[in-house]
Amino acid sequence: MSGVNKAILIGRLGKDPEVKTFENGTKKASFTLATSEYYKDKEGQRQKQTEWHNIVCWRNLADIAEKYLNKGKMIYLEGKIKNRSWEDNGIKKYITEIEVSTFTMLSSKNEEQGGRPTETKIEQLSAPSFEEEVSVNADDDLPF
């Protein structure tokens with residue numbers, strides 16, 4: 001049985017997307033996304049907890065992010081969690097990123113000026129390819 005790797009986030013961009021174009025013409029856009037939760041502490045005071053996420057968009061999504069996204073814009077995104085590591089001056093470094101498969105812009109210039117929010121859904125044009133086909137046998141022992 002295969003697993004599921006899916007992240008769904010709604011938040012605001014912490015910075016404008018940084019776009020890199022590779023030698024083969026492939027584009028990559030990177031930015032941070034802040035998601036916030038509110039709760040009441042023991043004294044009944046409202047507290048805010050913000051998590052920061054590293055976001056990566058590839059190809060046509062990177063083009064769209066470059067054109068339409070900027071710091072403070074609210075978006076809904078779906079993607080998968082990716083971990084990678086590299087060496088920097090002999091020190092191994094690690095990062096966890098969300099690789100975006102689709103996003104929807106939830107805020108617009110109209111909203112930023114006090115108007116009604118609009119939604120624009122953007123999806124990766126090419127469907128994800130599965131490296132192996134999963135088959136289910138009715139005789140298999142299921143954990144539930």
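For clarity, every value in this text was computed on a predicted model and none was experimentally measured.

Engineer: An account of the overall build of the chain is needed here, citing residue identities and associated values.
Structural biologist: Counting its regular elements, the chain contains two helices and seven strands. Helices (α) and strands (β) of the chain occur, in sequence order from the N terminus, as β-β-β-β-α-β-β-α-β. Taking all 144 residues of the chain together, 28% fall into the buried category. Of all intrachain contacts in the chain linking residues separated by at least 6 positions in sequence, the fraction that spans at least 24 positions is 52%.

Engineer: Describe the confidence of the model for the chain, with residues and values.
Structural biologist: Chain-level statistics for the chain give a pLDDT mean of 82 and a share of 74% at 70 or above. Taking the mean pLDDT of every element in the chain, the minimum, 52, falls on strand E7 (residues 120-123) and the maximum, 96, on strand E2 (residues 18-21). Ignoring residues within four places in sequence, the model shows residues 124-140, a span with pLDDT below 50, making eight contacts including any to other chains.

Engineer: Which residues make up the pairing of strand E4 (residues 46-58), and what values do they have?
Structural biologist: Put simply, side chains in a regular strand alternate between the two faces of the sheet. Bridge count between strand E3 (residues 27-40) and E4: 13 bridges; the pairing is antiparallel. From the neighbouring strand, alanine 34 faces E4, where its bridge partner is tryptophan 52. The hairpin formed by E3 and E4 contains five residues between the paired strands, and glycine 44 there has a positive phi angle of roughly 85°. Two elements, E4 and strand E6 (residues 91-105), share three bridges in a ladder whose sense is parallel. Looking across to E6, one finds that asparagine 54 is bridged to glutamate 97.

Rules used throughout
- Residues numbered from 1 in each chain as written.
- Predicted model: local features only at pLDDT ≥ 70, side-chain atom pairs only at ≥ 80, totals over all residues.
- Heavy atoms only, no water.
- Helix = DSSP H or I, 4+ residues; strand = E, 2+ residues; numbered from the N terminus.
- Buried < 20%, exposed > 50% of the residue type's maximum accessible area, 1.4 Å probe, protein only.
- Contact = heavy atoms within 4.5 Å.
- pLDDT = per-residue confidence, 0-100.
- Pairing = 2+ DSSP bridges.

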